[in-house]
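So the chains spell out like this:
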Amino acid sequence: MLKDTILICEDERSISNFISTVLTTNGYEVLVTETGASAYTLITSRCPDLVLLDLGLPDMDGLDIIRAVREWSQMPIIVVSARMREKDKVEALDLGADDYIAKPFGTSELLARIRTALRHTRTRAENASIAQSGVFQTGELRIDYDKRLVFLRDEDVHLTQSEYKIVAMLGKSAGKVLTYDAILRELWGPGATRNNQILRVNMANIRRKIEENPAEPSYIFTEIGVGYRMADGE
Ligand code: CA
């Protein structure tokens, strides 16, 4: 089987060594670079399947790499960064990064994010199993895209139209964070207000209907100051 190639762009040796070891032992081909300029060269010459990108690079801002790559490619980019401010996360995602992971992070978290990002590119953001079955399932939650209904333990949870649209959108990107802006734009159009209040009200109602304990959700997670993430599907 052809291995997926992952480019690690990280100037801290101890971190790039750690990531590189984890990825190699898990069957990935790895390319490592410490500067933004050489990362960009490798991206264009080697066309990796995924890029793990540190934002604080010695020669440039990682955000500029995302911006440049998104001019011509949808290859998955996961931002790996320390002390990420919410503003940086949102900016990276809005520029087209697929996800972010904050240092320090564990091996399983890193691998899960990579698998999700690779899968989303392959399926062009439309989850392949949803396209096939018309259904998304995670735990006891089921989204039936053909009937446009959401079930919890086989019972219709009676979402309103806008609640359904939010859950449906998150389900299609399960495992991946969607920013408040991205959800607002998708649901209420590009002219949508950037006021998240309407989204928060909808989410509170959704959680009341689908979560055992809305304060500690197990299906739709809040990424504070950034957006929402649906639990990975089965
Ligand atoms: Ca750095």
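Residues numbered from 1 in each chain as written. Predicted model: local features only at pLDDT ≥ 70, side-chain atom pairs only at ≥ 80, totals over all residues. Heavy atoms only, no water.

1. Regarding the sheet that holds strand β12 (residues 227-230)
Neighbouring strands of a sheet are bound in pairs by backbone hydrogen bonds; such pairs are parallel or else antiparallel.
Argument step 1. With antiparallel pairing, three strands are arranged side by side in an open sheet as β10-β12-β11. Two strands in the sheet have a free side with no partner beyond their single neighbour: β10 (177-179) and β11 (220-223). Between one strand and the next, the sheet's axes are offset by a mean angle of 30 degrees, whatever the strand orientation.
Argument step 2. As paired strands, β10 and β12 are joined by three bridges and run antiparallel to one another. (Pairing = 2+ DSSP bridges. Helix = DSSP H or I, 4+ residues; strand = E, 2+ residues; numbered from the N terminus. Axes fitted to C-alpha atoms, helices over the stretch in contact; angles between N-to-C directions.)

2. A short note on the environment of R207
Argument step 1. Mapped onto the elements of the fold, R207 is located in helix α9 (residues 197-210).
Argument step 2. Residue classification places R207 among the buried positions, given a relative accessible area of 11%.
Argument step 3. As for R207 and L52, which are separated by 155 residues in sequence, their C-alpha atoms are 33 Å apart.
Argument step 4. What R207 contacts, discounting residues up to four positions off in sequence, is P214, P217, I220, F221, T222 and Y228. (Buried < 20%, exposed > 50% of the residue type's maximum accessible area, 1.4 Å probe, protein only. Contact = heavy atoms within 4.5 Å.)

3. Overview of helix α2 (residues 36-46)
Argument step 1. Regarding α2, the residues found buried are G36, A39 and I43. Taken end-on, α2 shows its buried residues confined to a sector of 55 degrees, consistent with a single buried face.
Argument step 2. Taken together, the buried residues of α2 touch β1 (5-9), β2 (29-33), β3 (50-53) and α3 (62-69).
Argument step 3. Just past α2, the residue C47 takes up positive phi, approximately 45 degrees. (Arc of directions from axis to C-beta.)

4. Points about the packing of α2 against α3
A pair of packed helices is characterised by two quantities: the angle between their axes and the separation of those axes.
Argument step 1. At a closest axis distance of 10 Å, the pairing of α2 and α3 adopts a crossing angle of 20 degrees. Comparing the axis directions of α2 and α3 gives the class roughly parallel. In terms of crossing hand, the pair formed by α2 and α3 is right-handed. For the pair α2 and α3, contact is made by G36, A39, Y40 and I43 and by I65, A68 and V69, respectively.
Argument step 2. By residue class, the composition of the contact of α2 with α3 is six nonpolar, one polar and no charged. (Parallel < 35°, antiparallel > 145°, perpendicular 65-115°, else oblique. Left-handed = near helix turned anticlockwise from the far one by under 90°. Nonpolar A, V, L, I, M, F, W, Y, C, P; charged D, E, K, R; others polar.)

5. Points about the coordination of the calcium ion
Argument step 1. Within the protein, D11 (OD), D54 (OD) and G56 (O) serve as the donor atoms for the calcium ion, at 2.2 to 2.4 Å.
Argument step 2. Site description for the calcium ion: donor spacing in sequence, D-x42-D-x1-G.
Argument step 3. The exposure class of G56 is partly exposed, given its relative accessible area of 48%. (Donors = N, O, S within 2.8 Å, 3.2 Å for Na, K, Ca; no water.)

Fair warning: the whole summary comes from geometry, so function is off the table for now.
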